[in-house]
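# Survey of secondary and tertiary structure
As a plain string of letters, each chain reads:
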Amino acid sequence: IHTEMFTETMLDLIECGAVDNSQKEFYKGFSLASFAFGSRRLYDYLDNNPSVQIVRGTVANNPFDIAKVSKYVSVNAALECDLTGQCASESIGHQQYTGTGGQADTVQGSQRSKGGKSIIAFHSTYTVKDEEGKEVLKSKIVPELTPGAIVSLQRNDTDYVVTEYGVAWLKGATVPERVEALIKIAHPKFRDWLREEAIKN
C-alpha cells in the first residue's frame, strides 16, 4: 500500500492476508499514506502502528517515488469522463466539488512504474432532482465535459476506465476507438445518445 488516503478497505486487505507489503522496493514492509479516513476500527489499527508510515503528501504523491514501486496500480475516481477520456474529478462545471488530490501524480507515477497501470473507476450514472423534485438519471460518461469543469486528468494519461458495465482500455487508442470503448461501458440507457452526439461532433 502506497497511497494518499488510507481507507477501511485497505485494512480489510491487510487483515485477510492479501497485503503484507513484502514485495515493495520503496518502504518495503510498510504501508505508506499521508492521511486516513474511516471508522474507529481503522484509527485504532493505525495508532502507534510501526508498520504504517504517515508521510507528507509530497512523498506519498511524488510520481518519482511511486515509480520506485514495481507494478504500481493507482485507483482513482472521476465525476465525469468525456468520450475522448478527459476526466473531471474536482468540479461539476464551475462548482468546486472536492480538492485536487493526488490523482494526476499517482497516475503519472504508475506510468513510470515497471509494469504499472492506472484505473479510473466510477458508477456509470448519478441522479439529480428536477424542478418538480423527481429524480433524473444522468450519465457520468458524456460527449463533452460540463462547461467550466476542471480537467483533472488529460486524455493522454487515462489508461483504464472502469464502470459496472466493463473496462475501457484507452492507452494509445485513437479518438474513434476511445469513443466506442467508453460508449460500451456507459449505462445502456445513454449509449444511443452518446453515439449520436459523437457523430454530430
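Residues numbered from 1 in each chain as written. Predicted model: local features only at pLDDT ≥ 70, side-chain atom pairs only at ≥ 80, totals over all residues. Heavy atoms only, no water.

This part takes up the environment of Ser139. Looking at the element boundaries, Ser139 is found in strand β12 (residues 135-139). On a C-alpha basis, the gap between Ser139 and Gly172 in space is 25 Å, while along the polypeptide they are 33 residues apart. Leaving out residues up to four positions away in the same chain, Ser139 has contacts with Ser124, Thr125, Tyr126, Phe190 and Trp193. A distance of 2.6 Å separates the side chain of Ser139 from the backbone oxygen of Ile141, its partner in a polar contact. (Helix = DSSP H or I, 4+ residues; strand = E, 2+ residues; numbered from the N terminus. Contact = heavy atoms within 4.5 Å. Polar contact = N/O pair within 3.5 Å; in protein donor to acceptor, adjacent residues only side chain to side chain.)

What follows covers the sheet that holds strand β6 (residues 80-82). Taken in spatial order, the three strands make up an open sheet running β7-β6-β13, and their pairing is mixed. Two strands lie at the open edges of the sheet, namely β7 (87-88) and β13 (141-142), each paired on one side alone. Pairing between β6 and β7: two bridges, direction antiparallel. Residue Glu80 lies in a different strand from β7, and its bridge partner there is Ala88. (Pairing = 2+ DSSP bridges.)

Another aspect to go through is the pattern of salt bridges. Inspection of every chain in the model, using the stated rule, returns eight salt bridges. Across the pair Arg41 and Glu8 runs a salt bridge, and its minimum N-O distance is 2.8 Å. Of the two residues, Arg41 sits in helix α2 (residues 40-46) while Glu8 sits in helix α1 (residues 8-15), which places them 33 residues apart along the sequence. Using a relative accessible area of 33% as the deciding quantity, one classes Arg41 as partly exposed. With its nearest N and O atoms 3.5 Å apart, the salt bridge here joins Asp44 to Arg40. Within this pair, Asp44 and its partner Arg40 are both found in helix α2, separated by four residues, close to a single helical turn. For Asp44, a relative accessible area of 48% translates into the label partly exposed. One salt-bridge network, in which partners are shared between bridges, spans Glu8, Asp12, Glu15 and Arg41. (Salt bridge = Lys/Arg side-chain N within 4 Å of Asp/Glu carboxyl O. Buried < 20%, exposed > 50% of the residue type's maximum accessible area, 1.4 Å probe, protein only.)

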